[in-house]
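Next come the chains, spelled out residue by residue.
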Amino acid sequence: MTTTSANMVSCIVRPHRKGAGCHPRHLALIALALFMHLPVQAVAAEPTAGLGFCRPYTWLFGGWVAPPRMPHLADMNADGYVDFLYATPEDRFVDISLNGRGWKPMRGERLISDLPDRIVGMATGRFAGNTTDLAMLGAGGQVWIAQGRGDGKVQAPRSVATVSEIGQRAWLLRMAGGDDRDRLAVVASDGHVTALGPTGQPVATFRAVKRVVGAASGQVGGQAAIALHTGSAVVLVGPAGSVMRRLPASRGQSALAMGDVNGDGEDDVLINGEVALAPAFRSRVRIAGWERFRKPVIAMLADVTGKGRCDVVVQHQGPDYYGSKEADCAVYVSYLASDADKDRDGLNDAEEASLGSDPLDRDTDYDGLPDGWEVHGFRGFDLKAMGASPLRKDVFVLNLPYDTVPVDQMEKLMKDKVAPLFEDLPYRNRDGSQGFRIHAVTMLPAVDTKAAAGKGWPQLAAETFPKDKIGVFHWMLVPGLGGGGQSGQLADAGSGGMASWAHEFGHQLGLSHTGKWPAWSPTYTSLMNYSYSYQFDGDPARIHFSRGELADIILNESRLPGKLPRPIEKLKFLAGPPYRFRIQAAGSHATYVDWGWSGAFTDRRIRANITYGYSVNGGERLQPSGTKPIGAPGPCELMTDYQASLVVHRGSLYMVTADRDALDPKAPRPESAKLVIQRYLGKRAWTPKADLGMHTTGDPAAVSDGRTFYVFYPTKVGVRYRYGSPDRLGDSVTIPDTAGCSIGAVNLRGTILLLLYRSSAENIRYCTVRGTRVGPMKDFGIKSTITPGSAYDTRRKELLLGTGSELNRQPYRWQLRRLTGDPERGFSEVSCVFLGGEKSGWAGNKRPNLIFDTSRDAGPDGRVIWIAAGVSAPSNTPTGLYIARTIGVKDHNEGWMLWRYYDEWTNTRSGIAAAWYRGDIVLATTWASDHSTTDGGVYCAYNGTAIGNQDMADFDDVTLMADYGIARSIQTLAVMPP
Ligand SMILES: [Ca+2]
Ligand SMILES: [Ca+2]
Ligand SMILES: [Ca+2]
Ligand SMILES: [Ca+2]
Ligand SMILES: [Zn+2]
């Protein structure tokens, strides 16, 4: 079995999480309350006929139902099951998810788009033809009707009426007419009701109550009726405004719906968590579990399961598995004591009793397969014969291999290595068994590798995933026995080599790379975390899903606890790959972790970057205007072939770059480019580029001595410079004998030292520069294979020189040299080390940026930070970006640490600039792409230390998959069941 590196893993994450928060207008639509209960009034004269409600069954969830989406239920295709319509008010469209004959929802479709106004209400009825039509109310009072076609689709909407004064909020209601036609009524929140005639003309207006927080319509005693929730009562009124009845309602709630729940032909009224039964409305049946709603809900009564009586449908926010504001639309199937199959799951109560499944739960084990499917099959799939049980989590998946994959080996790996990762999970099923049973079915014929060349897995899924298996099975394309793959998150399809199959399938079952946190915590030991995808504690056999045992330990890089409340045995893995933190027992119940590699343990809080298991994030990458990310379409704001220069001068940060027009990456480069300067404005934005009126033939070097700002730049005739204030530089000065030199510059205690580099055959030279005065040319007696970078160690009073040298046939190995002395008398070398030691292999051939860090995190000796691009040969080949720094742990890479910035897709042809600014490091570099409009585009990032300020922690994968992902990943059907 071959295993590719973790680098090969890449995943598409479907943005199924809707933005947080309720739409403010929508909030008013739904109840805002603590749900207190009225005592149930059981009156002997009104038997409730054994009416009850099953456990909630999730019908739709997430983005489909998230506020401000607005639901309406109606049987649009005349098959006896209500379908789920959802309006997106501001975007003025309506989607429909047809009802898969009471089993599951069908995949959604757009029903209406581009309505002229914001949608505030929907109603359905026979307004135009003999099928169910959709009526919509706009915020301006306009009413549209889209005539139904009877197949779930509608014709284009046409305006039929305009109601004036709809007020703050309004409801559109269907009113049964005296004939075959239905009418419409508009209820405004101030209590005004406008009844419309058959052609849409207002025929009556009345005001029975002063305030409305919820409205519904139906029939009472054979008469059309409107129910108005006033906030403290529900008032039933006739179409002309006569009050028929007043029902008590708890204050502060507004859930209201009408429909026949018990099958006596009379519409009952749902008020908050209870159904009041017609005709007297005195006996009420409670919906169990209602008290768990802590947030506003929308309640509806409709026949979801096709039995001729209404079920209760509740849309509510939560559960909160991701830490986001997920919304759920759940069906509480209603039943009467006389019903044989109360939960309408295809198993009658007697069968459920003998099997041990729950007669009041459609999916006892919550694996997305209703109880009846698991016993009697579905659509000809004999799931029971395939091993399904209604008492245990079963997951069916089609594995489609490429024809290059040895099927017997794939199946053996599936059985011996992959399925056990799920089957051995510490999850207890209802039948006492453990884990999730994976039923993998190999799909043949295999994919013809040649014929499928260039097709991604989504296309192959569209072509090969049998439509009738969608909603029952998952589909996984298997490209090989090694790693790599991509999957949708909380979805039923994706691709994964056998070494990453469990990871990719984890995505399908709802898991991300980081649990519910924004970054992957080193304590999230899941195989979903890139850091532990292929090994845990160095052992490939120990990869696992996380149970969230460390979820209580919140890690924030800006304030990390130096001591964790766990015995060292529980945290030993932190000392293993990929992090290799130093740890030490702090008694028998706690453990010290040296998060910052300082070489010491502490009880204090620590600032450190600890998310380096894969690469490090230097912050959001934005073009200089601060609004456009790199890689966005359209030409970049600033493009260059040269390394930028960042420098802090009198408290402000400046960037000096060469600037050119868009250029094909393969086209010959111009001989020179103009230089521009920009000042950082804060909030990720720079001043517009200002032309410095200079042309450079190489990487510029800007530097400040604290008083004066200098810009050095190579030209054909030699190195030139201008100085002054950044917005007014003086005339240019040419430095003699510098033709062909590249440059570096450093502020040495108020003296500008210019470093001149010509080739690896010549010593690095230097001279001081003060105003127009250029000091005598001297040399360090040091050779380098790269243009040197430099910084000053203010603690040891040494000049730091970053150079390159050949070692083990790598010509550009990074070296740090320390020198004492001064420009007058000359410098002498104190030490020279290879970064990371001789074995490290760390190398690059662009000018490095050296930063001497004296912040508190750096400790008393300070530390050296080295930021540079990697080796690129020829010199415009894209290469990665790196940060190396000294650490207090001397036996690790000889006291050095190296991280890659971003990922393997983030490369530059020009090198990188870096500057310490306000407690962090600002980076500026160029994007390498194949397109002339983006190649060489300059972007900046503002978190070069990679120390973030977000909470992260371990996460319980098992619970998320069990209680959320397994069922929801196969929630919708693609073809209507028989
Ligand atoms: Ca049943
Ligand atoms: Ca059941
Ligand atoms: Ca099931
Ligand atoms: Ca099952
Ligand atoms: Zn992934």
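Everything numeric here is computed off the predicted structure, so don't read it as measured data.

Focus: the pattern of salt bridges
Phase 1: Under the counting rule described, the total for this entry stands at 42 salt bridges.
Phase 2: Across the salt bridge formed by R284 and E274, the nearest N and O atoms sit 3.5 Å from each other. You can see R284 sitting in strand β24 (residues 284-286) and its partner E274 sitting in strand β23 (residues 274-276), a full 10 residues away along the chain. Here the two residues R284 and E274 agree in accessibility, since each one is buried.
Phase 3: Ionic pairing is found between K412 and D416, a salt bridge with its closest N-O pair at 2.7 Å. In this pair, K412 and D416 both sit in helix α4 (residues 407-423), four residues apart, roughly one turn of the helix.
Phase 4: The exposure class assigned to D416 is partly exposed, which follows from its relative accessible area of 37%.

Describing unusual backbone geometry
Most peptide bonds adopt trans geometry, and most residues besides glycine take a negative phi value.
Phase 1: The peptide bond linking A278 to P279 adopts the cis configuration, its omega dihedral lying at 5 degrees.
Phase 2: Here P279 is to be found in the loop between β23 and β24.
Phase 3: Residues A873 and P874 are joined by a peptide bond in cis, for which omega reads -5 degrees.
Phase 4: With respect to the secondary-structure elements, P874 resides in the loop between β60 (863-869) and β61 (881-886).

Regarding the coordination of the calcium ion (ligand 3)
Phase 1: For the calcium ion (ligand 3), the protein coordination sphere consists of D363 (OD), D365 (OD), D367 (OD), L369 (O) and E374 (OE), at 2.1 to 2.3 Å.
Phase 2: Read in sequence order, the donor residues coordinating the calcium ion (ligand 3) give the pattern D-x1-D-x1-D-x1-L-x4-E.
Phase 3: Between the two metals, the calcium ion (ligand 3) and the calcium ion (ligand 4), the spacing is 3.9 Å, and D365 donates to both. Note on accessibility: D363 and L369 belong to one class, buried.

Some words on the packing of aromatic side chains
Phase 1: Evaluation of the coordinates by the stated rule reveals 44 aromatic pairs.
Phase 2: Taking the centre distance of 6.5 Å and the plane angle of 20 degrees together, the rings of F465 and W475 count as stacked. One end of the pair, F465, is in the loop between α5 (457-464) and β31 (473-478); the other, W475, is in strand β31, with 10 residues separating them in the sequence.
Phase 3: Ring plane angle 85 degrees and centroid distance 5.8 Å describe the contact between Y680 and Y917, whose orientation is recorded as edge-to-face. Here the residue Y680 occupies a position in strand β42 (residues 673-682), and Y917 occupies one in strand β63 (residues 912-917), the gap between them amounting to 237 residues.
Phase 4: You can call Y917 buried: its relative accessible area is 11%.

Notes on the coordination of the calcium ion (ligand 1)
Phase 1: Looking at the calcium ion (ligand 1), the protein donor atoms are D341 (OD), D343 (OD), D345 (OD), L347 (O) and E352 (OE), and they sit 2.1 to 2.3 Å from it.
Phase 2: In the primary structure, the donors to the calcium ion (ligand 1) are separated according to the pattern D-x1-D-x1-D-x1-L-x4-E.
Phase 3: The metal-metal distance between the calcium ion (ligand 1) and the calcium ion (ligand 2) is 4.0 Å, with D343 serving as a donor to both. The exposure classification of D341 matches that of D345, with both residues buried.

Considering the layout of surface pockets
Phase 1: Looking at the largest pocket, its volume works out to about 1,200 Å³.
Phase 2: As for the largest pocket, its lining consists of 49 residues, of which H72, L73, S217, M258 and L301 are closest to the centre.
Phase 3: Going through the elements one at a time, β3 (70-74), β9 (119-125), β13 (170-176), β17 (214-220), β21 (256-259) and β25 (297-302) are the ones with two or more residues in the lining of the largest pocket.

Section: the side chain of R309
Phase 1: By secondary structure assignment, the location of R309 is in the loop between β25 and β26 (311-317).
Phase 2: Here R309 falls in the buried class, since its relative accessible area comes to 12%.
Phase 3: Polar contacts involving the side chain of R309 include one to the side chain of D339, which spans 2.5 Å.
Phase 4: Filtering out sequence-adjacent residues up to four positions away, R309 remains in contact with D260, V261, N262, G263, D303, S334, Y335, L336 and D339.

Here's the deal with the sheet that holds strand β22 (residues 268-271)
Phase 1: Read across the open sheet, the four strands follow the order β21-β22-β23-β24; overall the sheet is antiparallel. Only two strands of the sheet have a single partner each, and these edge strands are β21 and β24. Taken pair by pair, the neighbouring strands of this sheet meet at an average axis angle of 20 degrees, ignoring direction.

A closer look at the sheet that holds strand β14 (residues 182-188)
Phase 1: Ordered by their spatial adjacency, four strands build an open sheet running β13-β14-β15-β16, and the pairing between neighbours is antiparallel. Each edge of the open sheet is held by one strand with a lone partner, namely β13 and β16 (202-207). Averaged over all pairs of adjacent strands, the angle between their axes in this sheet comes to 20 degrees, without regard to strand direction.
Phase 2: Across three bridges, the pairing between β14 and strand β15 (residues 192-196) is antiparallel. By the bridge assignment for β15, V186 is matched with T194.

Things to note about the pairing of strand β4 (residues 83-88)
Phase 1: Of all the six residues making up β4, six are buried; the element is thus mostly covered by neighbouring parts of the structure.
Phase 2: Here β4 shows two buried faces, one formed by D83, L85 and A87 and the other by F84, Y86 and T88.
Phase 3: In this sheet, β4 lies alongside β3 in antiparallel orientation, the contact comprising five bridges. Bridging across to β4, L73 finds its partner in F84.
Phase 4: Note that β4 and strand β5 (residues 93-97) share five bridges and pair antiparallel. Bridging from a neighbouring strand, L85 pairs with I96 of β5.
Phase 5: Counting the residues in the hairpin turn of β4 and β5 gives four residues, including R92, whose phi is positive at 60 degrees.

Points about the domain arrangement of the protein
Phase 1: Domain assignment breaks the protein into domain 1 (31-339), domain 2 (530-616) and domain 3 (645-945).
Phase 2: For domain 2 versus domain 3, the separation of C-alpha centres amounts to 34 Å.
Phase 3: Counting from both sides, the interface comprises 15 residues of domain 2 and, opposite them, 19 residues of domain 3.
Phase 4: Summed over both partners, the interface of domain 2 with domain 3 comes to about 1,300 Å²; 49% of that surface belongs to carbon and sulfur atoms.
Phase 5: Its largest share of buried area at the contact with domain 3, domain 2 owes to W597, R607 and V616, together 44% of the area lost on that side.
Phase 6: The interface formed by domain 2 and domain 3 contains two salt bridges.
Phase 7: With a closest N to O distance of 2.5 Å, R607 and D857 form a salt bridge.
Phase 8: Linking domain 2 with domain 3 are eight residue pairs in polar contact (both at pLDDT 80 or more), by the criterion used here.
Phase 9: Tallied by class, the residues present in the side of domain 2 that touches domain 3 amount to four nonpolar, five polar and six charged.

How each quantity is defined
Residues numbered from 1 in each chain as written. Chains lettered and ligands numbered in written order. Predicted model: local features only at pLDDT ≥ 70, side-chain atom pairs only at ≥ 80, totals over all residues. Heavy atoms only, no water. Salt bridge = Lys/Arg side-chain N within 4 Å of Asp/Glu carboxyl O. Helix = DSSP H or I, 4+ residues; strand = E, 2+ residues; numbered from the N terminus. Buried < 20%, exposed > 50% of the residue type's maximum accessible area, 1.4 Å probe, protein only. Donors = N, O, S within 2.8 Å, 3.2 Å for Na, K, Ca; no water. Phe/Tyr/Trp six-rings, centres within 6.5 Å; stacked < 30°, edge-to-face > 60°. 1 Å grid on protein atoms, 1.4 Å probe; cavity = no way out; pocket = protein on both sides within 12 Å on 5 of 7 lines; lining within 4 Å. Points joined across faces, edges and corners; volume = space filled by probe spheres on them. Polar contact = N/O pair within 3.5 Å; in protein donor to acceptor, adjacent residues only side chain to side chain. Contact = heavy atoms within 4.5 Å. Pairing = 2+ DSSP bridges. Axes fitted to C-alpha atoms, helices over the stretch in contact; angles between N-to-C directions. Domains from an automatic or database assignment. Buried area = accessible area lost by both parts, 1.4 Å probe. Nonpolar A, V, L, I, M, F, W, Y, C, P; charged D, E, K, R; others polar.

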